[in-house]
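Fold and geometry: a report
Residue-level listing of the chains:
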Amino acid sequence: MVLNVVIMAAGKGTRMRSARPKVLHTLAGRHLLQHVLDAAAGLGASRTIVVTGHGAAEVERACAAPGLAFVRQEPQLGTGHALQQAAPLLDDAGTTLVLNGDVPLIEAETLQKLVAASSGDRLALLTVELAEPKGYGRVLRRGGAIAAIVEEKDASPAEREVAEIYTGVMAAPTAALKRWLAALKNDNAAGEYYLTDVVGLAVAAGTPVVGVAAAGETEVLGVNSAAQLADLERRLQRRFAERLMSEGVRLADPARFDLRGTLRCGSDVEIDVGCIFEGEVELGDEVKIGAYCMLRNARVAAGATIRPYTHIDGEALGASVGEGAIVGPFARLRGGAALGPEVHIGNFVEVKNSVLGRGAKANHLAYLGDADVGERVNYGAGAITANYDGANKHRTTIGADAHIGSNVVLVAPIKIGEGATVGGGSTLANDAPAGQLTVARARQSSFADWKRPTKKR
Ligand code: UD1
Ligand code: MG
């Protein structure tokens, strides 16, 4: 059977009170529309069409993918009008599945069920009973059979009492759907062409209308306001947290956990409150993540500890922390930071595009950028690699067992030999030999006859 999918995403989303098109607001770091596209991806549709309008160019740019077609709806005269724009692209012999771009947590399994219920000759509606049905289209039944959907704005007080609502998802025989779309009128409270009016038209035409009950309310909740977006975010995060806990991850508080990408964990991982994981993150066995850390595109090897308030963003290059290493509190790792085993990175230390050998330490207030740091190097407080000359970046190489004093500036490109010691406060623009003490700073002087100035009377 030929299946076409249409996702409606042209609406303005007035109730969001935002300049951004509604479907480009994010949930767990992905656009609302992307969630819907992902749910539909496994259905084997021969064609997927997104109806854009408000902020069309922006939406199309953000969600473009091979095999995805966009049609524009301008102006936006309602959901029925939106589908009318897509109609010419739909294959007559087959089924059309209609999705709302603002109902992001819909599950693939539910969609499969709905398409099966339509089975080529019935109009199938996904419905659910809500304790708070306010704002949704109500499903009106006569003698148990679905007779119509009435929108909140047009419903009588008695109809507003109905708890069964239309979720915005339907599957219909395409040829019949096209006939119903052509017959829509806009004589309603909103002055819009309601897609939901196809239900009354199907009933009038003698086409069976069937309801399929959603598995739960979360998957069918729509996003129409900032408050609803935040509510869905918490529901989705709860799902992620529960899945991780079921795999043995110990979350100090599943309500204070955020995942905006993929998180893979080994055994006995502990994550304290308020942590955010983005992109691709991997945590090895017995890793501990302290409170309020942020990790993005990072790998943390077994037994490592990330102390509170640490920010790790591997950007495109990724960042990695070796076995048993200790990072933080208040540390910052950037793209290309690769810490070996047992490395210690302390408070207010920034590491970028640098490789640190086993046991190297930079414990306080320092910067390592574009550096290769040998094993057991001790990099002092306030030391920095001056890696940028205003035009180009240069590398710094520090040999094993070197000791870099406090407040040292290493002007790259530069090499510090193995076992070298660099005196505190030195600015080095030339290489320092292995095993020697190198100092580059003004010699200390004292002036016995010097008098401190006093105030004139
Ligand atoms: C719609 C349904 C309502 C259902 C609810 C479920 C209609 C008339 N009503 O109401 O029965 O309970 O969804 O969430 O369909 N859109 C367009 N073009 C337009 C208008 C809207 O593409 O001209 C898109 C929007 O971007 C959105 C979707 O259609 O993704 C739904 O529009 P929205 O205005 O949110 O409809 P609801 O009032 O929520
Ligand atoms: Mg809506």
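Nothing here was measured: the structure is a model prediction, and the numbers come from that model.

**Digging into the pairing of strand 4 (residues 47-52)**
Counting buried residues in strand 4 gives five out of six residues, a clear majority hidden from the surface. When strand 1 (residues 3-9) meets strand 4, the two strands line up parallel, connected through six bridges. Each bridged residue has a counterpart across the sheet, and for Val6 the counterpart in strand 4 is Ile49. Both strand 4 and strand 5 (residues 68-72) contribute to a ladder of five bridges, which runs parallel. Looking across to strand 5, one finds that Thr48 is bridged to Leu68. Regarding the hand of the β-α-β motif, the stretch spanning strand 4, helix 2 (residues 56-63) and strand 5 is right-handed.

**What about unusual backbone geometry?**
Note the cis peptide between Glu74 and Pro75, where omega equals -5°. Inspection of the secondary structure puts Pro75 in the loop between strand 5 and helix 3 (79-86).

**A closer look at the sheet that holds strand 14 (residues 270-271)**
Taken in spatial order, the 11 strands make up an open sheet running 12-14-16-18-21-24-27-30-33-36-38, and their pairing is parallel. Only two strands of the sheet have a single partner each, and these edge strands are strand 12 (250-251) and strand 38 (437-438). Pairing analysis gives two bridges linking strand 36 (residues 421-422) to strand 38, with the strands arranged parallel. Across the sheet, Val422 pairs through a bridge with Thr438, a residue of strand 38.

**Quick look at the coordination of the magnesium ion (ligand 2)**
Coordination of the magnesium ion (ligand 2) by the protein is provided by Asp102 (OD) and Asn224 (OD1), with metal-donor distances spanning 2.4 to 2.5 Å. Placement of Asp102 in the loop between strand 6 (95-100) and helix 4 (108-118) and of Asn224 in the loop between strand 11 (209-213) and helix 8 (226-246) is noted, with a sequence separation of 122 residues between them. The burial state of Asp102 is the same as that of Asn224; both residues are buried.

**Description of the nonpolar core**
It is characteristic of soluble globular proteins that their nonpolar side chains tend to be buried jointly. Counting 100 residues, the largest nonpolar core has Leu97, Phe277, Leu283, Ile345 and Ile416 as the members making the most contacts within it. Each of two domains, domain 1 (3-220) and domain 2 (226-438), supplies a minimum of three residues to this core. Counting 30 residues, the second largest nonpolar core, distinct from the first, contains Val6, Ile49, Met170 and Ala176.

**Considerations on the site of ligand 1**
Surrounding ligand 1, one finds 25 residues, the nearest of these being Met8, Gln73, Thr79, Glu151 and Tyr166. Here an oxygen atom of ligand 1 and a side-chain polar atom of Thr79 are 2.7 Å apart. Separating an oxygen atom of ligand 1 from a side-chain N or O atom of Asp102 is a distance of 3.0 Å. In the complex, the protein chains occlude 90% of the 760 Å² of accessible area that ligand 1 would expose alone. Of all the elements in the fold, those that place two or more residues in the shell around ligand 1 are strand 1, helix 3 and strand 10 (164-173). Of all the elements, strand 10 adds the most residues to the shell around ligand 1, at three residues.

**Topic: a nonpolar patch on the surface**
On the surface, a nonpolar cluster with roughly 530 Å² of combined accessible area is contributed by Tyr292, Tyr309, Phe330, Phe348 and Leu365. With respect to the helices and strands, the residue Phe348 is situated in the loop between strand 24 (344-347) and strand 25 (350-352).

**Description of the pattern of salt bridges**
This structure, assessed with the given rule, holds 25 salt bridges. Put simply, Glu350 and Arg334 hold a salt bridge, and the shortest N to O gap is 2.5 Å. Taken together, the positions of Glu350 in strand 25 and Arg334 in the loop between strand 22 (332-333) and strand 23 (338-339) put the pair 16 residues apart, joining distant regions of the chain. We classify Glu350 as partly exposed; its relative accessible area is 22%.

**Overview of the domain arrangement of the chain**
For the chain, the domain assignment lists domain 1 (3-220) and domain 2 (226-438). Computed over C-alpha atoms, the centres of domain 1 and domain 2 are 46 Å apart. Across the contact, 13 residues belong to domain 1 and 12 residues belong to domain 2. Both faces combined, the contact of domain 1 with domain 2 buries some 1,000 Å², and carbon together with sulfur accounts for 62% of it. Inspection of the region where domain 1 meets domain 2 yields two salt bridges. Residues Glu107 and Arg239 are paired through a salt bridge, measuring 3.3 Å at the closest nitrogen-oxygen approach. Scanning the region where domain 1 abuts domain 2 turns up four residue pairs in polar contact (both at pLDDT 80 or more). When residues of the side of domain 1 that touches domain 2 are traced back to their parent elements, those giving at least two are strand 2 (26-27) and helix 1 (32-40). For the side of domain 1 that touches domain 2, the per-class residue count stands at six nonpolar, five polar and two charged.

Cut-off values and rules
- Residues numbered from 1 in each chain as written.
- Chains lettered and ligands numbered in written order.
- Predicted model: local features only at pLDDT ≥ 70, side-chain atom pairs only at ≥ 80, totals over all residues.
- Heavy atoms only, no water.
- Buried < 20%, exposed > 50% of the residue type's maximum accessible area, 1.4 Å probe, protein only.
- Helix = DSSP H or I, 4+ residues; strand = E, 2+ residues; numbered from the N terminus.
- Pairing = 2+ DSSP bridges.
- Right-handed = clockwise from strand over helix to strand, strands pointing away.
- Donors = N, O, S within 2.8 Å, 3.2 Å for Na, K, Ca; no water.
- Core = buried A, V, L, I, M, F, W, Y, C linked by side-chain atoms within 4.5 Å.
- Domains from an automatic or database assignment.
- Near = heavy atom within 4 Å.
- Polar contact = N/O pair within 3.5 Å; in protein donor to acceptor, adjacent residues only side chain to side chain.
- Areas by Shrake-Rupley, 256 points an atom, 1.4 Å probe, with all protein chains shown as cover.
- Patch = residues over 30% accessible without salt bridge, like charges linked within 9 Å, V, L, I, M, F, W, Y side chains within 5 Å.
- Salt bridge = Lys/Arg side-chain N within 4 Å of Asp/Glu carboxyl O.
- Contact = heavy atoms within 4.5 Å.
- Buried area = accessible area lost by both parts, 1.4 Å probe.
- Nonpolar A, V, L, I, M, F, W, Y, C, P; charged D, E, K, R; others polar.

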